[in-house]
Amino acid sequence: MKPVFDAAPVNGPFDDPSLYVRILRESRALLFDAGDIGGLEAGNILRISDIFITHTHMDHFIGFDTILRAALSREGSLRVFGPSNIIDCVEGKLRGYTWNLIKDYPIRIEVFEIREDSVEQAGFYAENSFCRIDNPSKRFNEIILEEPLFRVRALHITHAIPALAYSLEEDFHININKDMLLSMGLPVGPWLSELKKAIRGAAPPETIIDIEGSPHRLEELMPLIMISRGEKISYVMDASPDKENLDKIIPFVTGSDALFCEGYFLSEDSDRAMERNHLTSALAGRIAREARVGRLELMHFSPRYRHCADELYREAEEAFRGRAL
Ligand SMILES: [Zn+2]
Ligand SMILES: [Zn+2]
């Protein structure tokens, strides 16, 4: 199956965290955290349709201005998701500039503030000089963005302040067993799209699918169907290294093909990790092992380890696979 996501950190592990995810079948990208993204080309910044902020410490949010500047004359919405305070933080950034020449610009910024039980929504539109417009809130139910191709989930974690972790999951694939199609004597045709649509919509078994004028029940056609799970990517940055966070993060990232996780401290500095509310590389490895992820991508290291980054990788690998690199 062809991959749907191409995910790569924008910077090295000692620079600000940001994960750029290109949606390969669409000309767009998602950005998880917006640290300093000066390394991204303008064309790639323009592709960003949705930004998912874990928390608004400066190293995770300073790149918002870069995106805003690039996106000003772009058509369509820029969506920003983040923890409680994100609406105020976006508003604060926008208020830091003067917008008297902006009314003809098309950009619309939609902000979604993920609280414990609700998602607050506010819009900031160029046509309105980016004045805040509060929209009705919704109930929080883990899935914060649902599209035909994928969905994004958010998890509440703590980092001395409320923070979020995210997962990006491709929808499952529905494939047609061509041999079975042949042996059932059925033609290839547009009805196959109808069939897939019915399955995606969880239609009842007695649903009728019209195959070139002849009606067939959905349940008769099920032997044609092969379902395979889609790709899953998880993103876990600054998190207090406590049991409560780990107990939530592990099930949340379970089964990820790739887990992008902070490995901020070495475990010999666990006291410091606790004090500063960051994970150690060993904990990142443990999360990856217990969640049976395919690949662990360490990000976001404390500058104190600039001379010994390999120790952080080794510690994570040992905890993940039980052996050193
Ligand atoms: Zn932080
Ligand atoms: Zn950070």
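Just above sits the structure.
What comes next is a walk through the structure. Nothing here was measured: the structure is a model prediction, and the numbers come from that model.

## As for the sheet that holds strand β4 (residues 48–52)
Ordered by their spatial adjacency, eight strands build an open sheet running β1-β2-β3-β4-β5-β6-β7-β8, and the pairing between neighbours is mixed. The sheet is open, and its two edges are formed by β1 (5–9) and β8 (132–139), each paired on a single side. Between one strand axis and the next, the sheet turns by 20 degrees as a mean value, whatever way the strands run. Sheet analysis places β1 next to strand β2 (residues 19–23), joined by five bridges and oriented antiparallel. Within β2, the residue paired with D6 across the bridge is R22.

## Here we look at the pattern of salt bridges
In the structure shown here, the tally under the stated rule is 29 salt bridges. Measuring nitrogen to oxygen at the nearest pair gives 2.7 Å for the salt bridge that ties R28 to E147. Here the residue R28 occupies a position in strand β3 (residues 28–32), and E147 occupies one in the loop between β9 (143–146) and β10 (150–158), the gap between them amounting to 119 residues. Relative accessible area serves as the criterion here: at 13%, R28 is assigned to the buried category. E147 gets classed as buried once you look at its relative accessible area, which sits at 15%. In this structure, E91 engages R95 in a salt bridge whose closest nitrogen and oxygen atoms are separated by 3.1 Å.

## As for the coordination of the zinc ion (ligand 1)
Protein coordination at the zinc ion (ligand 1): the donors are H55 (NE2), H57 (ND1), H159 (NE2) and D238 (OD), at 2.2 to 2.3 Å from the metal. Relative to the metal, the four donor atoms surrounding the zinc ion (ligand 1) lie at angles of 89 to 170 degrees, and the coordination shape comes out irregular. For the zinc ion (ligand 1), all donor residues lie on one chain, and their spacing in sequence is H-x1-H-x101-H-x78-D. Metal-to-metal, the separation of the zinc ion (ligand 1) and the zinc ion (ligand 2) is 3.6 Å; D238 coordinates the two. Placement of the pair is H57 in the loop between β4 and α2 (58–61) and D238 in the loop between β16 (232–236) and α8 (243–253), with a sequence separation of 181 residues.

## A word on the layout of surface pockets
Size it by volume and the largest pocket reaches roughly 230 Å³. As for the largest pocket, its lining consists of 14 residues, and the residues nearest its centre are V119, K138, I143, I144 and L145. Looking at the lining of the largest pocket, the elements that each hand over two or more residues are β5 (77–83), β7 (118–125), β8 and β9. Broken down by element, the lining of the largest pocket gets its largest block of residues, four residues, from β9. Per-class residue counts for the lining of the largest pocket are seven nonpolar, two polar and five charged.

## Considering helix α11 (residues 309–321)
Over its 13 residues, α11 extends 18 Å from the first C-alpha to the last, a length consistent with the 18 Å expected when each residue adds 1.5 Å. Among the residues of α11, A309, L312, E315, A316, E317, A319 and F320 are the ones counted as buried. Here the buried face of α11 lies against α10 (281–290) and β18 (295–299).

## Focus: the coordination of the zinc ion (ligand 2)
Every protein donor of the zinc ion (ligand 2) is accounted for by D59 (OD), H60 (NE2), D238 (OD) and H300 (NE2), and the metal-donor separations fall at 2.1 to 2.5 Å. Here the donor residues of the zinc ion (ligand 2) share one chain and are spaced in sequence as D-H-x177-D-x61-H.

## A word on the nonpolar core
Judged by nonpolar contacts, the single largest core of 34 residues is most densely connected at V236, I249, V253, L259, L279, I287 and L296. When contributions to this core are tallied by element, the ones reaching two or more residues are β10, β11 (162–170), α8, β17 (258–262), α10, β18 and α11. The element best represented in this core is α8, accounting for five residues. When residues no more than four places from it in sequence are discounted, the contact partners of V236 are A165, I249, V253, L259, F260, C261, E262 and L279. Formed by 32 residues, the second largest nonpolar core is a distinct cluster that contains L72, V111, A126 and F130.

## A word on the pairing of β11
Remark: a regular strand shows side chains that alternate across the two faces of the sheet. In terms of residue burial, β11 counts as a mostly covered element, since eight of its nine residues are buried. Inspection of the sheet shows β10 paired to β11 by nine bridges, in the antiparallel sense. Bridging from a neighbouring strand, H156 pairs with L164 of β11. Between β10 and β11, which pair antiparallel in sequence order, lie three residues; one of them, A160, sits at a positive phi of approximately 70 degrees. Here β11 pairs with β16 via four bridges, running antiparallel. By the bridge assignment for β16, E169 is matched with K232.

Rules behind the numbers
- Residues numbered from 1 in each chain as written.
- Chains lettered and ligands numbered in written order.
- Predicted model: local features only at pLDDT ≥ 70, side-chain atom pairs only at ≥ 80, totals over all residues.
- Heavy atoms only, no water.
- Pairing = 2+ DSSP bridges.
- Helix = DSSP H or I, 4+ residues; strand = E, 2+ residues; numbered from the N terminus.
- Axes fitted to C-alpha atoms, helices over the stretch in contact; angles between N-to-C directions.
- Salt bridge = Lys/Arg side-chain N within 4 Å of Asp/Glu carboxyl O.
- Buried < 20%, exposed > 50% of the residue type's maximum accessible area, 1.4 Å probe, protein only.
- Donors = N, O, S within 2.8 Å, 3.2 Å for Na, K, Ca; no water.
- Tetrahedral: all angles 85-135°; square planar, octahedral: opposite > 155°, others 65-115°.
- 1 Å grid on protein atoms, 1.4 Å probe; cavity = no way out; pocket = protein on both sides within 12 Å on 5 of 7 lines; lining within 4 Å.
- Points joined across faces, edges and corners; volume = space filled by probe spheres on them.
- Nonpolar A, V, L, I, M, F, W, Y, C, P; charged D, E, K, R; others polar.
- Expected span 1.5 Å × (residues − 1).
- Contact = heavy atoms within 4.5 Å.
- Core = buried A, V, L, I, M, F, W, Y, C linked by side-chain atoms within 4.5 Å.

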